[in-house]
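Listed below are the residues making up each chain.
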Amino acid sequence: MVLFLFLTHLGIGIMLSLLCVSREAGVKFFRFNAGLAATLIAVAVAFRPPGEVGLAARVAFAALVVAEASLVFYWGTVGRTLASIRPAIVGVANAAGVTAVVAQAIAVSAERSLGTQILTVTSFLSSVALLGGACTAMVLGHWYLILPSLQVDHLQSIVKVHIVSTVVRIAVVAAAVFFAIATWQPGLAPSFSRYILSIDGVFFWQRVLFGLGGPALLSYLTWETAKIRSTQSATGILYVDFFTVVVGEVLAKYLVLATRVPV
């Protein structure tokens, strides 16, 4: 389930983040990223846990199939044909992807309070934004080796998106932790504050250190490096940044399933 959620969110995040990249990046850039997103979603579907029940889980799977089909169609036509209807195909893929993520969040938090469900939906969407922004920024940075004439403004723009998504992700995690501690009632379940201070809480602190602190620092360093037009150095930092995001979001998926707190 952890792998299923992670790959789904990464694939959909890449798909959504392409909306923030200029067409000047070139047809091959969009084709590569669309193919990468489609591959990740296909692998996620292959790892879909058996025995998922409930309307939300079925809606999530159906939306994921629609997003995958739309992505494959987009990948096969981008730069080749059907340019007039391609924006509609992208719109269908993005709408289906967001629907799948929201339905996944509802399925995961189905037995929890309304507040937890809302936070889980917000957490999943912010995870999608963080993963997609980090991956697309890394690939775009690498693309300057292929298109040296590409304006550095495009890298700066996607790094801005990554910084904003990191700030939003930190705010959502902080709200989820506060809500879990503030609404805990004795006798219902172990306190989340006790969990994070126990030996098992090492996963939470690793999630905070690698998945939030790391991207916050590294995205800022990338921004400062991009301002001096050192695209190779910025790309190197983005590789490390993406690694920390991946570690943090994998741990986040484990924690939401283990504790039902959408961190």
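Summarised in this report is the structure supplied together with it. Remember, it's a predicted structure, so these values are computed and weren't measured experimentally.

1. Some remarks on the overall build of the protein chain
Then step 1. Scanning the protein chain from terminus to terminus reveals nine helices and zero strands.
Then step 2. Traced from its N-terminal end to its C-terminal end, the protein chain shows the element sequence α-α-α-α-α-α-α-α-α.
Then step 3. Oriented by its inertia axes, the alpha-carbon framework of the protein chain measures out at about 60 × 40 × 25 Å.
Then step 4. Here the analysis covers contacts within the protein chain between residues at least 6 apart in sequence; of these, 76% occur between residues at least 24 apart.
Then step 5. Just so you have it, the protein chain exposes about 12100 Å², and 70% of that area is on carbon and sulfur atoms.

2. Notes on a nonpolar patch on the surface
Then step 1. Residues Leu3, Val43 and Phe47 make up a contiguous nonpolar surface patch of about 240 Å² in total accessible area.
Then step 2. Locating valine 43 in the fold gives a position in helix H2 (residues 27-46).
Then step 3. A relative accessible area of 32% means that valine 43 is categorised as partly exposed.

3. Some points on the packing of aromatic side chains
Then step 1. In the structure shown here, the tally under the stated rule is seven aromatic pairs.
Then step 2. On the basis of an interplanar angle of 80 degrees and a centroid distance of 5.4 Å, the ring pair of phenylalanine 29 and tryptophan 143 is categorised as edge-to-face. Remark: tryptophan 143 occurs in helix H5 (residues 114-143) and phenylalanine 29 occurs in helix H2; sequence separation between them is 114 residues. Of the two residues, phenylalanine 29 and tryptophan 143, neither departs from the other in class, the shared state being buried.
Then step 3. Members of the aromatic cluster, connected to one another through ring pairs, are Phe29, Phe30, Phe32 and Trp143.
Then step 4. Arginine 48 extends its terminal NZ or CZ atom over the ring of phenylalanine 61, reaching a point 4.0 Å from the ring centre.

4. Brief notes about H5
Then step 1. The end-to-end C-alpha separation of H5 is 43 Å, in line with the 44 Å expected for 30 residues at 1.5 Å each.
Then step 2. Burial of H5 is extensive: 22 of the 30 residues sit out of reach of the surface.

5. Description of the side chain of asparagine 94
Then step 1. With respect to the helices, strands and loops of the structure, asparagine 94 is situated in helix H4 (residues 86-108).
Then step 2. Residues in contact with asparagine 94, not counting those within four places in the same chain, are Met15, Leu16 and Leu19.

6. A short note on the nonpolar core
Then step 1. In this structure, Leu10, Ile12, Phe29, Phe30, Leu140 and Leu155 are the most contacted members of the largest nonpolar core, which totals 54 residues.
Then step 2. Elements that contribute at least two residues to this core include exactly helix H1 (2-17), H2, helix H3 (55-77), H4, H5, helix H6 (153-182), helix H8 (202-227) and helix H9 (231-259).
Then step 3. For this core, the element with the highest residue contribution is H5, accounting for twelve residues.
Then step 4. Ignoring any residue separated from it by four or fewer positions in sequence, one finds leucine 10 in contact with Leu40, Leu131, Cys135 and Phe242.
Then step 5. Within the second largest apolar cluster, twelve residues are counted, among which are Val173, Ala176, Tyr195 and Val263.

7. Some words on the packing of H6 against H9
Then step 1. As a packed pair, H6 and H9 sit with axes 13 Å apart at the nearest point and diverge in direction by 25 degrees. Between H6 and H9, the angle is such that the two are roughly parallel. For the pair H6 and H9, the sense of crossing is left-handed. Listed contacts from H9 to Leu155, His162 and Arg169 of H6 are Thr231, Ala234, Leu238, Asp241, Val245, Glu249 and Ala252.
Then step 2. Looking at side-chain class alone, the contact of H6 with H9 contains five nonpolar, two polar and three charged residues.

8. Here we look at the environment of valine 59
Then step 1. Residue placement: valine 59 occurs in helix H3.
Then step 2. Taking the C-alpha atoms as reference points, valine 59 and alanine 96, 37 residues apart in sequence, are found 10.0 Å from one another.
Then step 3. With residues near it in sequence (within four places) discarded, valine 59 still touches Thr99 and Ala103.

Scoring rules and cut-offs
- Residues numbered from 1 in each chain as written.
- Predicted model: local features only at pLDDT ≥ 70, side-chain atom pairs only at ≥ 80, totals over all residues.
- Heavy atoms only, no water.
- Helix = DSSP H or I, 4+ residues; strand = E, 2+ residues; numbered from the N terminus.
- Contact = heavy atoms within 4.5 Å.
- Areas by Shrake-Rupley, 256 points an atom, 1.4 Å probe, with all protein chains shown as cover.
- Patch = residues over 30% accessible without salt bridge, like charges linked within 9 Å, V, L, I, M, F, W, Y side chains within 5 Å.
- Salt bridge = Lys/Arg side-chain N within 4 Å of Asp/Glu carboxyl O.
- Buried < 20%, exposed > 50% of the residue type's maximum accessible area, 1.4 Å probe, protein only.
- Phe/Tyr/Trp six-rings, centres within 6.5 Å; stacked < 30°, edge-to-face > 60°.
- Lys NZ or Arg CZ within 6 Å of the ring centre and 35° of its normal.
- Expected span 1.5 Å × (residues − 1).
- Core = buried A, V, L, I, M, F, W, Y, C linked by side-chain atoms within 4.5 Å.
- Axes fitted to C-alpha atoms, helices over the stretch in contact; angles between N-to-C directions.
- Parallel < 35°, antiparallel > 145°, perpendicular 65-115°, else oblique.
- Left-handed = near helix turned anticlockwise from the far one by under 90°.
- Nonpolar A, V, L, I, M, F, W, Y, C, P; charged D, E, K, R; others polar.

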